[in-house]
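Architecture at a glance
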Amino acid sequence: MTSVTDHSIREVVIIGSGPAGYTAALYTARAQLRPLLFGSSIFVGGSLTTTTEVENFPGFPEGVDGPVLMENMRAQAEKFGAEMIDDDIISVDLTGDVKLLTDTAGTVHRAKTVIIATGSGYRKLGLPKEEELSGRGVSWCATCDGFFFRDRDIVVVGGGDTAMEEATFLTRFARSVTVVHRRSTLRASKAMQNRAFADDKISFAFDSEIAEIKETNGMLASVVLRDVFTGATRDLDATGLFIAIGHNPRTELFTGQLDLDAEGYITVAAPTTRTSLPGVFAAGDVVDHTYRQAITAAGTGAAAALDAERHLASRD
Ligand code: FAD
């Protein structure tokens, strides 16, 4: 692939087109920094484009369609001059004063500051119908979707802190919650386990995995549980399935250049968005183990823009 260098040096290049990236673009555009945002070749708009109704983003009392929210965020940033390229950055050299970012056409883009907002992906079970039924009974986020599951029978998959937290939270809405875990003991902290064990609405299917997801009229209707030792299967009626088996932060590009934590998230000097390299900032779910919400991603996107702006001002 031929490599062409864009010889202009940008003040800011942003990688990622979710709430964090678009908000960083809006702020840096309004600060006259002419940001250039790479927003992916196949997944423009980030995680919220895979959902329908978003009820917890402030400013929308009637809720808002996920893809519409993301189109609006993009349009707002573009209105102030942010440039968007729907392509992936496939390699980076962030170590120098001038950062180098290569797109899929082999063009090398140069920037004084880089904001990383590449997000993280929910780990999937890898079963047929799992993706198809996303938003139709299958979910990866109780905070986002729990409210839609009032009086339902729900299954939560996973054995860590997140799974216990999701299960406990979901009892506010659900009729029953069954935690399905592949092992005979949970990985969650003792405190989280004790809370879940003490909850009358929560029961456990240990040494079990989901073998199949079944639907009726395009909505989740039940799951098939399989005993991991005997292979025996049984049907469990459930109209909600929450998958809580972890996340994969999208940080492969930065391995070896930026400090990452044990799970691969970018580490920042909180409460700032500064990474281990000067001029490189990170925001949104690629940093965040804890909250993983559109509004928190947008919030740290704004912080990254302000951090980048101050960094540039300090260089002048
Ligand atoms: P993302 O939204 O994940 O965006 C990152 C973007 O960067 C992606 O488009 C990705 O393709 C792109 N990217 C990655 N690498 C590169 C690269 N090398 N080059 C170019 N682009 C790249 N949150 C709520 O607050 N309310 C909800 O109701 C809600 N519902 C949800 C429903 C679903 C089904 C899902 C999956 C998530 C939901 N969330 C919800 C969570 C919310 O979507 C995330 O917390 C939020 O989108 C994180 O924003 P982000 O900008 O960090 O990353």
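Before reading on, note that the structure itself is shown above.
Residues numbered from 1 in each chain as written. Predicted model: local features only at pLDDT ≥ 70, side-chain atom pairs only at ≥ 80, totals over all residues. Heavy atoms only, no water.

**Let's talk about the site of the ligand**
Around the ligand, a shell composed of 33 residues is seen, among which Phe43, Ser47, Asn56, Asp285 and Ala294 lie nearest. Residue Ser47 places a side-chain N or O atom 2.9 Å away from an oxygen atom belonging to the ligand. In this structure, an oxygen atom belonging to the ligand sits 2.8 Å away from a main-chain N or O atom of Ala294. Looking at the shell around the ligand, the elements with two or more residues in it are α1 (19–30) and α6 (294–315). Tallied by class, residues from the shell around the ligand come to 14 nonpolar, 14 polar and 5 charged. (Near = heavy atom within 4 Å. Polar contact = N/O pair within 3.5 Å; in protein donor to acceptor, adjacent residues only side chain to side chain. Helix = DSSP H or I, 4+ residues; strand = E, 2+ residues; numbered from the N terminus. Nonpolar A, V, L, I, M, F, W, Y, C, P; charged D, E, K, R; others polar.)

**Focus on a negative patch on the surface**
Residues Glu53, Glu55, Asp65 and Glu71 make up a contiguous surface patch of negative charge. Structurally, Glu53 is set in strand β3 (residues 53–54). The exposure class of Glu53 is partly exposed, given its relative accessible area of 36%. (Patch = residues over 30% accessible without salt bridge, like charges linked within 9 Å, V, L, I, M, F, W, Y side chains within 5 Å. Areas by Shrake-Rupley, 256 points an atom, 1.4 Å probe, with all protein chains shown as cover. Salt bridge = Lys/Arg side-chain N within 4 Å of Asp/Glu carboxyl O. Lys, Arg positive; Asp, Glu negative; His and termini not counted. Charge placed at Lys NZ, Arg CZ, Asp CG, Glu CD. Buried < 20%, exposed > 50% of the residue type's maximum accessible area, 1.4 Å probe, protein only.)

**Some remarks on the packing of α1 against α6**
Contact pair α1 / α6: the axes reach a minimum separation of 7 Å and the direction vectors enclose 35°. Viewed along their axes, α1 and α6 form a crossing whose handedness is right-handed. From α1, Pro19, Ala20, Thr23, Ala24, Tyr27 and Thr28 reach across to α6, where they touch Ala294, Ala297, Ala298, Gly301, Ala302, Ala305 and Leu306. Taken together, the residues that form the contact of α1 with α6 break down as 10 nonpolar, 3 polar and no charged. (Axes fitted to C-alpha atoms, helices over the stretch in contact; angles between N-to-C directions. Left-handed = near helix turned anticlockwise from the far one by under 90°. Contact = heavy atoms within 4.5 Å.)

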